[in-house]
Amino acid sequence: MANNIDLANLIFPNINLTIEDLEKRYPKRDLPMDALVTRFAPSPTGFLHTGSLFTCLVSSFFAKQTNGVFYIRLEDTDTKREIEGSGASLVEQLSIFDIIPDEGYISDDKEIGLYGPYKQSDRKEIYEIVIKHLIEIGRAYPCFCSSIELAELRKMQEEAKEIPGYYGKYAKYRDFPVDKAIEKIKNGDPYIIRFKSLGDHNNKIFFHDEIKGDLELTQNDQDIVILKSDGLPTYHFAHLVDDHFMRTNVVTRGEEWLSSLPIHLELFDTLGFERPRYAHLPVIMKTEDGIRRKLSKRKDPEAAVSFFLEQGYPKYGFIEYLLTIANSNYEAWRNENLDKDFYDFKLSFDKMSLDGALFDIAKVANISKERMAYKKAEDLLIEVKSWAKVYDLDFYNKIISDEDKFIKILNIDRQKEKPRKDYAKYSDIYPVISFFYDENYYSIDKTNLEWNPLMDKKDIKDILLNYPKTIDLSLDEENWFNSLKEYGKNYGFAADKKEWKANKEIYKGHSGDIAEMLRIALTGRKNSPNLYYVIQILGIPEVEKRIKTVCENL
Ligand code: GLU
């Protein structure tokens, strides 16, 4: 009579290594006691989700702050959902946010580290060694059910109001005689491998999650599939083998996995592997019409990290926003420690939100505004340039045509104690400053400018045409404005609004009106950055030229 060993040898004739061999190949890491080994384990299914970046950031942060190891593992066992090349592009997108793994998968032909391979499809032998062992000890078995049979089972369970699934008395092949199984395999019957659970769904298990705290969960009793018909393992099984042999000590993953935790715990215990700690991170949510829901790939552009990159949100703004979601005390810390690197913040599991984090794009914008405002123009130049090179070539060409000019433009109202906070993203900049570049300015329709209808066109013309002669670029902002007031007086304009209001009959307007005329003439718009700097940056000849062009159309 054949036994489990015969069955295991039949299924995996070429597997001679054992779990002990793997234990030796992947020794425990030589790290300080409290160093965390964490990982990011994406499936290459397309794009980097905002929620994944969040999970990844938190995982790498914990490793970094404990001098541990953060690695990337590519979970590519679901070949149907795989999108070619997306693994490497995930790693690339992470690097834009300065999230660089210490080891792991980098691209399809590059990985770093001694605990690899880091791509699940390259780890078949490792899974087979473990499954072979499970078959030998009678805790895994081949199941020959067809998908039709499984669908019928489910239907019957639903009708009988039973818990659906392949378990207990419904697990048709769990006690199938080994001889017969061998015969079927030899006969070429298709099969998959299932784990044999010894659990009972009437029992409870207790578990401590790093974030959720003490949990009471229903014990697993499902004989889950561990090896699919395509020869690749399922997530439940693969993550466990990998996290064990890659020596992860805290599994940080989305809370959507919490419900399958009992399966994972049973597998760890069955194999005699030490359980890692688990930290189930909040899922990123959104409110729509007062209802909370998960950030959705299909409905929400902000679900894709690429959206933020395209829009040009600075990476530090976005990362810091995610940190405010991660720990409720981050913002207060940041306000107290503006000059520190955000990695100096002490991230902790127990300050994580428990019931989903609400995504708030306005807050991403606010944080970005704050941070961008305090950036040195020289540093911002580098950031904006590299963004524009990819996403706005016209803007890029303008920047590189004269970088000093661009720095001066960026410096408008920047180098002061309370800098202006008007840019939330790189794409906000060009629309505000485009008029500085002649090509843009001269293509504005000058017959359609928004002059104040209360002003006499002849006055506007005289005031504008005579103004350049009076410009003294050496004046500071305050004195320049005083000189503008004086200039206006010559044409019957009050020095300020208050004076004009009190004596409307003797004045044509006030200095603000003069400034508006100049602004419209020099920028083509009623709103622009500080006029004093506009004049400084354009210089007298260009101011003169622009005024002439405008006056030809007045
Ligand atoms: N591959 C899984 C996913 O993309 C990873 C879950 C985990 O981190 O364990 O959701």
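The structure under discussion appears in the preceding block.
Residues numbered from 1 in each chain as written. Predicted model: local features only at pLDDT ≥ 70, side-chain atom pairs only at ≥ 80, totals over all residues. Heavy atoms only, no water.

(A) Up close: unusual backbone geometry. The omega torsion of the bond from Gly-116 to Pro-117 falls at 0°, within 30 degrees of zero and hence cis. Structurally, Pro-117 is set in the loop between β4 (110–112) and α5 (124–136). For Asn-67, which is not a glycine, the phi torsion comes out positive at approximately 55°. Here Asn-67 is to be found in the loop between α3 (50–65) and β2 (69–72). The backbone of Arg-247 shows a phi angle near 60°, a positive value even though the residue is not glycine. Along the chain, Arg-247 turns up in the loop between α8 (235–245) and β10 (250–254). For Arg-247, a relative accessible area of 10% corresponds to the buried category. (Helix = DSSP H or I, 4+ residues; strand = E, 2+ residues; numbered from the N terminus. Buried < 20%, exposed > 50% of the residue type's maximum accessible area, 1.4 Å probe, protein only.)

(B) Just the sheet that holds strand β1 (residues 37–40), in detail. Strand order in this open sheet of four strands is β1-β2-β3-β4, and the pairing throughout is mixed. At either end of the open sheet lies a strand with only one pairing partner, and these are β1 and β4. Mean inter-strand twist for the sheet, computed between neighbouring axes without regard to direction, equals 20°. Pairing geometry for β2 and strand β3 (residues 103–107), over two bridges, is parallel. Along β3, the bridge assignment pairs Ile-72 with Gly-104. (Pairing = 2+ DSSP bridges. Axes fitted to C-alpha atoms, helices over the stretch in contact; angles between N-to-C directions.)

(C) Region of interest: helix α4 (residues 86–96). For α4, the complete set of buried residues consists of Ser-86, Gly-87, Leu-90, Val-91, Gln-93 and Leu-94. Looking straight down α4, one finds its buried side chains confined to an arc of 160°; they lie on one side. Buried residues belonging to α4 abut β1, α3, β2, β3 and α10 (305–311). (Arc of directions from axis to C-beta. Contact = heavy atoms within 4.5 Å.)

(D) Seen up close, the site of the ligand. Around the ligand sit Arg-39, Ala-41, Ser-43, Glu-75, Tyr-235, Arg-253 and Trp-257, and those are all the residues in its vicinity. Between the ligand and the protein, one listed contact pairs a nitrogen atom with a backbone N or O atom of Ala-41 at 2.8 Å. Within the complex, 79% of the 300 Å² of free accessible area of the ligand lies under protein. Across the shell around the ligand, the residue classes tally to three nonpolar, one polar and three charged. (Near = heavy atom within 4 Å. Polar contact = N/O pair within 3.5 Å; in protein donor to acceptor, adjacent residues only side chain to side chain. Areas by Shrake-Rupley, 256 points an atom, 1.4 Å probe, with all protein chains shown as cover. Nonpolar A, V, L, I, M, F, W, Y, C, P; charged D, E, K, R; others polar.)

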